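Per-entry structural report
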Amino acid sequence: MKVHFLGTASALVTRDRDNSSLLVESGSDLILLDCGGNPAGKILYFNYRPADLNAVFLTHLHIDHCYGLPALLFHMFLEKRTTSLELFCPEEEFSALNGQLSSHDIENDVRTYSIHKNPVPLQETSALWETDDTLVYAGPAFHSRPTRAYRVIEKKSGRTVVFTGDTIPSDEVAKFAMNVDLLVHEATYLESHSDLASEYGHSTAGQAAQIALKANARALALIHFECLSGSSVEEYRSEAARIFKGRIYTPDDLSTLHL
Ligand SMILES: [Zn+2]
Ligand SMILES: [Zn+2]
C-alpha cells in the first residue's frame, strides 16, 4: 500500500502546500480521499491518469476538501474515461454535493462515463466499498460540518490507513482507528492555539498524538497545517513526539509513504 500526499495544508494554501488530499494505492485500486486543489495534475505527477481512479471519498464539504471535484470529473471526461466512478459523500451533505456538481452542469457534460454517487450514512458497520483488493469503511469524525473518517484496508497485505478529515480529538475516532498502520490525523494547530482548534472544530498536534496513542497506531502522519502562523512542521512533530512514541511524519506535498 502507498499513500501519496497531494496536499497537506488547511484551507489557506502556501507556495509549497496545497489543500489536504490523499491518493491511496491499494493492490490494483487507486483511491482519492478528499478533493481540494488540483488533484488531476497531482495524480499525473505520480504517473497515473485521473481516469485510473476507482473511487473518490469526501470527508466533508468544506471548500478546501471538495472544490477540485468538478474539474477532476470533467478532466476524466476529456480523458475519455469509460468506466463508472464511485463517489462517496456524507449523506447529510448530498444536496450540497448535487448543488456543487449542478452549478457546473458536470453530470450533463460528462458523457463518456457514469458518476455513481453514494451517500455515506452516519452509522455504518459493513464495508462501504469492496473490491478484490480493497475494503473501505466509514467512521465518525466531529467538525463544524458533517464529516466522516475513512479506513482503507489492502486485503492482500492487511495494511491499513485511516484518514480523519477535519475533526476535534475524539475517542470514537481513536476506536475507529484501532491498531491502524498509519493514522493520517489533521493537526491544524499547535497546543499554543488549542483555543482556536476547539473554536473551529480542529485538533492540535498534541491532540492528534493522543488519538494515535489511544488507537495504538503504528505510525502517525500530521497534515492540514495552519500555515498563517509561520510555525515549522518540526514544531508539530516535536509536540506530537512528546506524547506518541511511534513513528511520526509531517509529510511534504507530493511525498509518498509506503506501508
Ligand atoms: Zn479543512
Ligand atoms: Zn473543514
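Each chain carries its own residue numbering, running from 1 in the written order of its sequence. Here every chain gets a letter starting at A, and every ligand a number starting at 1, in the order they are written. Residues qualify for local features only when their pLDDT is at least 70, as the model is predicted, and side-chain atom pairs are given and counted only at 80 or more; totals for whole chains, interfaces and linings, by contrast, use all residues.

**What to know about the overall build of the protein**
As a reminder, the rule being used: Numbering of helices and strands runs from the N terminus, with a helix taken as a DSSP run of H or I at least four residues long and a strand as a DSSP run of E at least two residues long. The burial criterion counts other C-beta atoms lying within 10 Å of a residue's C-beta, which is placed from the backbone; the residue is buried at 20 or more, exposed at 12 or fewer, and partly exposed between these limits. Once C-beta atoms are placed from the backbone, any two residues with those atoms within 7 Å are in contact.
Within the protein, the regular secondary structure consists of nine helices and 14 strands. Each of the 259 residues in the protein was classed as buried or not, and the buried ones make up 51%. Long-range contacts, defined here as pairs at least 24 residues apart, represent 64% of the contacts in the protein between residues at least 6 apart.

**Let's talk about the nonpolar core**
The following threshold applies: In this usage, the nonpolar core is the set of buried Ala, Val, Leu, Ile, Met, Phe, Trp, Tyr and Cys residues whose C-beta atoms join them within 7 Å.
Counting 76 residues, the largest nonpolar core has V56, V161, L183, L220 and L222 as the members making the most contacts within it. It is helix α8 (residues 205-214) that contributes the most residues to this core, five residues altogether. What L222 contacts, discounting residues up to four positions off in sequence, is H185, A187, A205, A208, Y236, A240, I248 and T250.

**Quick word on the sheet that holds strand β7 (residues 129-130)**
Quick reminder of the rule: Should DSSP find at least two bridges between two strands, the strands are regarded as paired.
Across the sheet, which stays open at both edges, the seven strands sit in the order β7-β8-β9-β10-β11-β12-β13 with mixed pairing between neighbours. Either end of the sheet is taken by a strand with one partner, and the two such strands are β7 and β13 (247-249). For strand β10 (residues 160-163) and strand β11 (residues 182-186), the ladder comprises three bridges, and the chain directions are parallel. Directly across from F163, in β11, lies its bridge partner V184.

**Looking at the sheet that holds strand β2 (residues 21-26)**
Convention followed: Axis lines are fitted to C-alpha atoms, over the contacting stretch for helices. Their N-to-C directions set the angle, which ranges from 0 to 180 degrees.
If you walk across this open sheet you meet the seven strands as β6-β5-β4-β3-β2-β1-β14, and the pairing is mixed. At either margin of the open sheet sits one strand with a lone partner, and together these are β6 (115-120) and β14 (255-258). Taken pair by pair, the neighbouring strands of this sheet meet at an average axis angle of 20°, ignoring direction. Pairing of strand β3 (residues 29-33) with strand β4 (residues 55-57) involves three bridges; the strand directions are parallel. Paired with I31 across the strands is A55, a residue of β4.

**A word on the pairing of strand β9 (residues 148-154)**
With respect to burial, β9 is a largely interior element, seven of its seven residues being buried. Alternating positions in β9 separate into two faces, R148, Y150, V152 and E154 on one and A149, R151 and I153 on the other, with burial throughout. As paired strands, strand β8 (residues 134-140) and β9 are joined by seven bridges and run antiparallel to one another. Each residue of the ladder has a partner; that of Y137, found in β9, is R151. Pairing analysis gives four bridges linking β9 to β10, with the strands arranged antiparallel. Paired with Y150 across the bridge in β10 is F163. Once β9 ends, the chain turns through five residues before running back antiparallel as β10, passing G158 with a positive phi of about 75°.

**With respect to the environment of P90**
Position of P90 among the secondary structure elements: in strand β5 (residues 85-90). Residue classification places P90 among the buried positions, given that 23 C-beta atoms sit within 10 Å. With 89 residues separating them in the primary sequence, P90 and M1 have C-alpha atoms 25 Å apart. Other than its neighbours up to four places away in sequence, P90 contacts H60, V120, P146, T147 and R148.

Interpretation in functional terms is not warranted from these geometric data alone.
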